[in-house]
Structures are given as C-alpha cells and as structure tokens.
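Next come the chains, spelled out residue by residue.
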Amino acid sequence: MYLATTGRRDAPPRPTGARRRVPGTVLALGAVSLVTDVSSEMVTAVLPLYLVLGLGLSPLQFGLLDGLSTGATALVRLLGGATADRGGRHKQIGGLGYALSACSRLGLLLAGGATGGIAGALAADKLGKGVRTAPRDALITLHSPPEDLGRAFGTHRAMDTTGALLGPLAAFALLWATAETYEAVFAVSFCVGAFGVLLWLLFVPRRVRDTPDVRDARPKAPAAPRARGGLLADLRSPAYRRIVVCAALLGAATVGDSFLYLLLQRRLELDATWFPFLPLGAAGVYLLLAVPAGRLADRFGRRRPFLHGHGALLLAYGLLLAPVPGAVALVGVLVLLGVFYATTDGVLMALTGPFLAEGRQAGGLAVVQTAQALARLGAAVAFGAVWTASGPGTALVAALLALAAALCCAARLLPYAPIPERTTP
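Here's what I pulled together on the structure shown here. Per chain, the residues get numbers from 1 upward, laid out in the order the sequence is written. Under the rules for a predicted model, residues below a pLDDT of 70 receive no local features and side-chain atom pairs below 80 are neither given nor counted, while totals for whole chains, interfaces and linings still include all residues. Water and hydrogen atoms play no part in the side-chain values, which are based on all heavy atoms of the structure.

### Comments concerning the overall build of the protein
Numbering of helices and strands starts at the N terminus; helices are DSSP runs of H or I of at least 4 residues and strands are runs of E of at least 2. From N to C terminus, the protein includes 15 helices and 0 strands. Within the span of the protein, comprising 425 residues, buried residues form 55% of the whole. Taking contacts inside the protein between residues at least 6 apart in sequence as the whole, the part at least 24 apart equals 87%. On the protein, roughly 17,100 Å² of surface is accessible, and the fraction owed to carbon and sulfur atoms is 66%. In this scheme, a residue with accessible area under 20% of its type's maximum is buried, one over 50% is exposed, and one in between is partly exposed, where area comes from a 1.4 Å probe on protein chains only. Throughout, a contact is declared for two residues whenever any of their heavy atoms are within 4.5 Å. All accessibility values rest on the Shrake-Rupley procedure with a 1.4 Å probe; residue burial counts only the protein chains present in the view.

As structure tokens, then:
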C-alpha cells in the first residue's frame, strides 16, 4: 500500500516542474462512460414519470423498485471486482457489465406495463453497472499516477457527466417528437448503449500499460505489496474499514435523486414534459466542478471535500423544507446536488485507492461501492415508506436528521488518506 505518508493530515504533494497529461486510457474510459451515460440517463430522466405518473405506482412501490434494483448489484459488485482482479481481467469483466446494461433497454421495451418485467429490466441495468464499475475504476487507478488520482477520477466523472447532460436532452427531444412515446426513448437508448460497448472493445486496452508517467510517479519505498488473501482481506486495515463504514453510514442517509426531482416537480407544479430537464442543472454543476474538485482533493487532501460534499446535500434537504420561493429552491437544490456529486463520487474512489494492495484494486473498490449501494437500498425503501405513510415533508425531515447524524460520525471516523509525493520529472 502507499503508506509513505501517515500523519494526521493529508500531505500536500510537492509541486512538479511540468504539467502532467491525463492518461489516454482514462480518456478512453471517459468516452465510453459519456456514451453509456447518454443511454442510461435517457431512461433515468423519464422513468419516474413513466412509473409514477404513467403507470400509477405509489412512492412506496417506486422506492421498492428503485431500491431493490440498486441492491441487486451488491453481490455482483463483489464478484465482478474479485473476478477482474484475478488475472487482471478488468476489460473483459467491465465489457460484460456494459453489454448487460445496454441489453436491459430491450427488456424495458418487451416489459410493456408489467411491473415484474420492468423490475427485471431495471435489475439487469443495475447488475450491469455493478459488474462494470469496480473494474473501470480499477483501470483508472492502475493507469494514473497515485498523486493524480483525484484529477484522473475528476476528468472521468466530468466526461461521464457530459453524457448525463445529453441524455435528458435526447429524451426530451424524443418525447416531444413522438408525442410522449416512452418506447422510442427505450429503443434509442439501446442503440446508444450498444455504441458504448463498441467503444469499450476498440479503445480500452486489455492489459495495464506501465507507462513512464505512472511508473516514475510511484513511490519507491515502501513498495506496494502483492495482494494476498480473499476479497475482504483489505478489511484487516483499520483505515480501510473506517472508509467502508463511513460510505455505508452516509449512503443510508442519501435520498435518491429521483425522489428529490419528484419533490421539486410537486413543489413547482411542473408540467411532466419539462421533468427530464431537472437533472440537467445538477449535471451541469457537476461537470463544471468535477475536475477542479479532483485537483483540490489531490492538493489539500481527499477527506475534506468528501465531507463537505455531504454537507452540501444536507443543505439541499434543508432548502426543500425551507419556506423559500420555488425558483430559489429549484436553483439551490440543483446546484447543491451538483456540488455533492463533484466532491464525493470520484473523490471517494481516490480516497480509497492508496489503502488498497496491488492486485486487489477492483475488489477493494467494489467493497466500498457495495456498502454504499446496500445502504442506499435501505434509504430508498425507507424514504418511500415514510412518504407513503406520513407525507413527503416528514420523510424529508427524517432524511435530514439521519444525514446530519451520519455526517457527524463520518467526521470522526474517516481517515486522512496518504498521498504519495510527486516526483519532479
């Protein structure tokens, strides 16, 4: 593990004499994620309307569908991460996940209005995401200098979020052109997803290339040990265990975006046609801040922005409860959501990376992602149940209190990640 720096605070890296380029593999992975996110966000943007307003599902039923499809990824994340680490098969396992997600769009077409079929298609999509996420993030970790992990993940997440911006726009254009025919959205989404699989096959390298930039930036001592033991062997590290616990605690208090957008839609009484535009504000802020947040995390430490990002989410909950004009709530919540994702998504992976042994990156990241996914499963079901039983206001108050408590615990538990010093070229 890269534990050369083990003080109470993250050690700022030394300045380098030349600006480093983002590795080509990271850019290729970003391009695949961009295209795939166009496909997935086309569906995500219209799914709450399709299920709640179109098919008449209750918030509890929607929460169960959303939460169970997310929870279905738990075992697959762990299995995918462990399998990818075994023999360095990151490309094969990741490609399988992208293909499964693309095919799930056909499942939505074939399901019609059947809740069971829709649940199966959503589960297939989430399973595909669970399979591919850890191998993909492991490839970013393996192809990037350790001290530039925040920047690498920030660049990837910015490209990924570009797709999140384009997806709802494409969905809106299709709904407008086809008189709100959801099947057209699902069909086009499948074609775009298939193109993303093709990009993965053509441009993502099969093996990790030990490029000079990455090789020279690795700390000379102590050398990273080769992984030994099973999938959960990294949990022997107290610092890594604390990261897993904090990811689960904070995930259990994270309300899904779809619920927040439904709350905004109800408060503003937006016409259903404009609903797909709501994610664009958060995605735009995320796109603008992902790379700067990654660079700041590399420079000043990855722990602080991760906690501050959850503080932004806490403010978003509070803003939805506050008696402010609808326009203020709309802009404020979308901006705070964008800040939340920019400072937590890739930063959590960059924070975890230095604590993982060589050869166990995908499995170690999968454990963190699984803990977070299972916690969000519980959060989605609980929020939907409280909303159905007592109304959205009560559910949101409960979520705010839970997040405040989880944030206080995480501030005490989350370790200060070691950051290897830069080497001057």
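On we go.
### Observations regarding the side chain of Thr83
Relative to the helices and strands, Thr83 is located in helix H3 (residues 73-85). At 2.7 Å, the side chain of Thr83 forms a polar contact with the backbone oxygen of Leu79. Residue contacts for Thr83: discarding those within four places in its chain leaves Arg89 and Ile93. Whenever two N or O atoms come within 3.5 Å, that pair is a polar contact, provided that in protein one can donate a hydrogen and the other can accept it, and provided that, for residues adjacent in sequence, both atoms are side-chain atoms.

### Things to note about the pattern of salt bridges
Every case where a carboxyl oxygen of Asp or Glu lies within 4 Å of a side-chain nitrogen of Lys or Arg is listed as a salt bridge. Applying the stated criterion across every chain, the model contains 5 salt bridges. Here Arg157 and Asp137 are joined by a salt bridge, their closest N and O atoms 3.2 Å apart. Of this pair, Arg157 sits in helix H6 (residues 149-177) while Asp137 sits in helix H5 (residues 115-143), placing them 20 residues apart in sequence. Among the salt bridges present, the one from Asp298 reaches Arg302, with a minimum N-O distance of 2.8 Å. Judged by relative accessible area, Asp298 falls into the buried class, the value being 2%. Taken together, the shared-partner salt bridges connect Arg136, Asp137, Arg157 and Asp345 into one network.

### Remarks on the nonpolar core
If you look at the biggest cluster of nonpolar residues, it comprises 89 residues, and the most contacted ones within it are Tyr261, Tyr317, Leu348, Val368 and Phe383. Top element by residues in this core is helix H1 (residues 24-54). It accounts for 12 residues. If near-sequence neighbours (up to four positions away) are discounted, Tyr261 is found in contact with Phe275, Leu278, Pro279, Ala282, Leu334 and Leu337. In these notes, a set of buried Ala, Val, Leu, Ile, Met, Phe, Trp, Tyr and Cys residues joined through side-chain atoms within 4.5 Å is what counts as a nonpolar core.

### So, the packing of H6 against helix H13 (residues 326-352)
Simply put, an axis is a line fit to the C-alpha atoms, just over the touching stretch for a helix, and the angle between two N-to-C directions goes from 0 to 180 degrees. Orientation of H6 relative to H13, taken along the N-to-C sense of each, is 145°, at an axis distance of 9 Å. With respect to the hand of their crossing, H6 and H13 are arranged in right-handed fashion. Facing H6, whose interface residues are Leu149, Gly150, Phe153 and Arg157, H13 presents Asp345, Gly346, Met349 and Ala350. Looking at the contact of H6 with H13, its residues break down into 4 nonpolar, 2 polar and 2 charged. Two helices cross in a left-handed way if the nearer one is turned anticlockwise from the farther one by less than a right angle. They cross in a right-handed way if the turn is clockwise. Throughout this entry, Asp, Glu, Lys and Arg are counted as charged residues, while Ala, Val, Leu, Ile, Met, Phe, Trp, Tyr, Cys and Pro are counted as nonpolar. The remaining residues, Gly among them, count as polar.

### What to know about the state of the cysteines
For the purposes of this analysis, a disulfide is any pair of cysteine sulfur atoms at a distance within 2.5 Å. Inspection of every chain in the model, using the stated rule, returns 0 disulfides. There is no disulfide at Cys246, and the cysteine sulfur nearest it, in Cys409, is 8.4 Å away.

### Considerations on a nonpolar patch on the surface
The patches described consist of residues with a relative accessible area above 30% and no salt bridge, like charges being joined within 9 Å and nonpolar side chains (Val, Leu, Ile, Met, Phe, Trp, Tyr) within 5 Å. On the surface, Phe195, Leu198, Leu201, Leu202 and Phe203 cluster together to form a nonpolar patch covering roughly 540 Å² of accessible area. Mapped onto the elements, Phe203 comes out in helix H7 (residues 182-203). When its relative accessible area of 55% is taken as the criterion, Phe203 is described as exposed.

### Topic: the packing of H6 against helix H11 (residues 278-300)
Two elements in contact, H6 and H11, have axes separated by 7 Å at closest approach and are oriented at 175°. With respect to each other, H6 and H11 are oriented roughly antiparallel. Per-class residue counts for the contact of H6 with H11 are 13 nonpolar, 7 polar and 4 charged. With respect to orientation, any angle under 35 degrees is reported as roughly parallel, any angle over 145 as roughly antiparallel, any angle of 65 to 115 as roughly perpendicular, and every other angle as oblique.

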